[in-house]
Amino acid sequence: MDSKYIEMMLDPPNYGEMKQFSAKGIGKNKETGEMVIIYLKVDPSLEIVEDIKWQTNGCGTTIVSGGLFSQEYKGKSLKEGLDFTNAVFEKIKDNPPADAACGEVVARAFIAAVKDYEARKKGEEREFIEYVTLSCPPGEVNDRDISQKT
Amino acid sequence: MIEIFRKKHKLWLITFFGACAFPKGEESDLLLDFANIHYRHLKWIGKELIKQKEDFDWDREKIELKFTNSVEFFEMFHSLLKDMNYPQGLLFDRIKADEEYMLSIKPSKNIAITAFSRELTYKNLDRQSIEALFTFLFEEIYKEYELILVYTYAQLHTSNSQLSLIFEDLIYESLYHLKSFCFIASKLGALAVPRVVMKEVYRFDDLKTFLKEGIEEELKAKEQCKALSSLIKDEELSRFFDFINHQEDYHIVLMQEALQAIDK
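Structure report, in brief. A quick note: this is a predicted structure, and the numbers were derived from the prediction, not measured.

Another point: the overall build of chain A. Secondary structure assignment for chain A yields four helices and five strands. Tracing chain A from N to C terminus, the helices and strands come up as α-β-β-β-α-α-α-β-β. Among the 150 residues that make up chain A, the fraction classed as buried is 53%. Counting contacts in chain A only where the partners sit at least 6 residues apart, residues at least 24 apart contribute 57% of the total.

Attention now moves to the nonpolar core. If you look at the biggest cluster of nonpolar residues, it comprises 142 residues, and the most contacted ones within it are Ile38 and Leu40 of chain A together with Trp12, Phe16, Phe17, Leu133 and Phe241 of chain B. Other than its neighbours up to four places away in sequence, Leu40 of chain A contacts Met18, Phe21, Ser22, Ala23, Val49, Asp51, Ile52, Leu78, Phe110 and Ala113 of chain A.

This brings us to unusual backbone geometry. All names here are of chain B. Even without being glycine, Lys53 reaches a positive phi, approximately 65°. Here Lys53 shows up in the loop between helix 2 (26-51) and helix 3 (70-82). Among the residues examined, Lys53 registers a relative accessible area of 79% and is labelled exposed. The phi dihedral of Leu120 falls on the positive side, at around 50°, and the residue is not glycine. Relative to the helices and strands, Leu120 resides in the loop between helix 4 (90-104) and helix 5 (127-156). The class of Leu120 is buried, set by a relative accessible area of 4%.

With that settled, consider the interface of chain B and chain A. In this complex, chain B contributes 23 residues to the contact, which on the side of chain A involves 24 residues. The largest share of the area that chain B buries against chain A comes from Phe138, Arg195 and Met198 of chain B, three residues that together contribute 30% of it. At the boundary of chain B with chain A, the tally comes to five salt bridges. With a closest N to O distance of 3.0 Å, Asp59 of chain B and Lys19 of chain A form a salt bridge. On inspection of chain B and its partner chain A, the count reaches ten residue pairs in polar contact (both at pLDDT 80 or more). Elements with a contribution of two residues or more to the side of chain B that touches chain A: helix 5 and helix 7 (199-202) of chain B. The leading source of residues in the side of chain B that touches chain A is helix 5 of chain B, at eight residues. Taken together, the residues of the side of chain B that touches chain A break down into nine nonpolar, one polar and 13 charged.

To continue, consider helix 3 (residues 78-92) of chain A. Residues and elements named next belong to chain A. Relative to the 21 Å expected for 15 residues at 1.5 Å per residue, helix 3 spans 21 Å between its end C-alpha atoms, a close match to the ideal helical length. Along helix 3, the residues that are buried comprise Leu78, Gly81, Phe84, Thr85, Val88, Phe89 and Ile92. An end-on view of helix 3 places all buried positions within 145° of arc, on one side of the element. Pointing more than 90 degrees away from the buried face of helix 3 are the exposed residues Lys79, Glu90 and Lys91. Packing partners of the buried residues in helix 3 comprise strand 2 (35-43), strand 3 (48-56), helix 2 (60-73) and helix 4 (97-121).

So, about the environment of Phe116 of chain B. Residue and element names in this part refer to chain B. Position of Phe116 relative to the elements: it lies in the loop between helix 4 and helix 5. Residues Phe116 and Arg60, spaced 56 residues apart in sequence, show a C-alpha to C-alpha distance of 21 Å. Not counting residues within four places of it along the chain, the set of residues in contact with Phe116 comprises Ala21, Leu65, Lys66, Phe67, Gly189 and Leu191.

We now examine the side chain of His251 of chain B. With respect to the secondary-structure elements, His251 of chain B resides in helix 9 (residues 235-262). Leaving out residues up to four positions away in the same chain, His251 of chain B has contacts with Leu170, Glu173, His177 and Glu218 of chain B.

All names here are of chain B. A grouping of Asp205, Asp206, Glu213 and Glu216 is seen on the molecular surface, where their side chains present a negatively charged patch. With respect to the secondary-structure elements, Glu213 resides in helix 8 (residues 207-231). With a relative accessible area of 43%, Glu213 lands in the partly exposed category.

Residues and elements named next belong to chain B. By secondary structure assignment, the location of Met76 is in helix 3. The sequence separation of Met76 and Leu65 amounts to eleven residues, and the corresponding C-alpha distance is 10.0 Å. Look past the residues within four positions of Met76 in its chain and what remains in contact with it is Ile14, Leu65 and Phe67.

Thresholds applied
- Along every chain, residues carry numbers that run from 1 in the direction the sequence is written.
- For naming, the first written chain is A and the first written ligand is 1, with later ones following in the order written.
- Note on the predicted model: pLDDT of at least 70 is required for a residue's local features to be given, and 80 or more for side-chain atom pairs to be given and counted; whole-chain, interface and lining totals, by contrast, use all residues.
- Only heavy atoms go into the side-chain values, all of them from the structure, while hydrogens and water stay out.
- Elements are defined by DSSP. Helices are runs of H or I of four residues or more, strands are runs of E of two residues or more, and each kind is numbered from the N terminus.
- Exposure is judged per residue with a 1.4 Å probe applied to protein chains only, and the accessible area is read against the type maximum: over 50% gives exposed, under 20% gives buried, and values in between give partly exposed.
- What makes two residues a contact is simply this: any of their non-hydrogen atoms within 4.5 Å.
- Only buried Ala, Val, Leu, Ile, Met, Phe, Trp, Tyr and Cys residues count toward a nonpolar core, and they belong to the same one when joined by side-chain atoms within 4.5 Å.
- The buried area of a pairing is the accessible area, by a 1.4 Å probe, that goes missing from both parts when the two are put together, added over both.
- A side-chain nitrogen of Lys or Arg and a carboxyl oxygen of Asp or Glu constitute a salt bridge if their distance falls within 4 Å.
- We call two N or O atoms a polar contact when they sit within 3.5 Å, provided that within protein one can donate a hydrogen and the other can accept it, with sequence-adjacent residues counted only if both atoms are side-chain atoms.
- Residues are grouped as follows: nonpolar covers Ala, Val, Leu, Ile, Met, Phe, Trp, Tyr, Cys and Pro; charged covers Asp, Glu, Lys and Arg; every other residue, Gly included, is treated as polar.
- The length a helix should cover is 1.5 Å for every residue beyond the first.
- By definition, the arc is the one covered by directions from the helix axis to the C-beta atoms.
- Patch membership is restricted to residues that have no salt bridge and whose relative accessible area is over 30%. Joining uses 9 Å for like charges and 5 Å for the nonpolar side chains Val, Leu, Ile, Met, Phe, Trp and Tyr.
- Each accessible area is a Shrake-Rupley estimate made with a 1.4 Å probe; only the visible protein chains count as cover when residues are assessed.
- Note on charges: Lys and Arg go in the positive column, Asp and Glu in the negative column, and His and the chain ends are not counted at all.
- A single reference atom marks each charge: NZ on Lys, CZ on Arg, CG on Asp, CD on Glu.

Written out as structure tokens, the structure reads:
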């Protein structure tokens, strides 16, 4: 195990809650109960991620994925962030489900945050949750689209 | 009062993890007793907040412990204690008196601390076992801390006495597991205070779902313990993980009892 990853597990970059955020998204894995929350501070004119915070109740691999992905998302435009997310999906889709799920749940949280950002622009305020699908058996997840928590 | 609660939360963690950083003995025993006293204070302050129709949370700043000897630890511990401020009242008089006593305790000798060295060595364990042990401890230390916070929050918010007693038992169990895992992490040089637990984990709408998911997690934890026990070629550690594995069985019973108690 690389010492860089050990440090990242023990002291994950950008970890924590953001009190004043432009967008918040939740990624969830229904099978394991793992959850990732991403908070974004977005520059409204350029739509660039100025700051990012994230939290999770997940495992070590999720922590490392969250740390690495948050570093990638920071400074990117939302569009570039989504492109990166799609590239992640492409890369992990053939991984063993348990490993793929840890990266996917972080990427799903980013998608949810972008959807939240778009909704807020229209004056809508609700909670956006995106569920892990690539690494769950088909049929397990029914509501893969945006869901609203009451 | 929420700020006092948060500072007490930090003080409890620093005392608890500080205790586990020491080699087992007089200092660690004393600090663990102090940590338990801080935890009781924390519950009393939480209860007071609820009585005043306020709620509490488990928010706190990130805690990074890096001390390399006992003198350094006690300097930090005393400075945190001196920084605590309380209003008047019977509860706070009690807390102040406890903390004044803690302040009077000075280290009798300077002990070297290697708990945060990140050396990742443990007796003669091979690299594969060390990595498996590190990953297990990293995940379980967070999980036990999370469980203590979730059950404490739930216990302070329930008026069902049967549920409250079950939560109390589960908290004792998790405190024991946390302490045991931290002492092993300390020997490994990989001790660290876990990350902050997010509100979404303990402020849930549905206790039943939480308990049902918790039972699933306990079953997984049992499997992890079993796998680790067979992977690690160290008789003492294997015996310990088997023992923890058996304890998880009764957690499941307690959680099932809690599920039944909700409907009573």
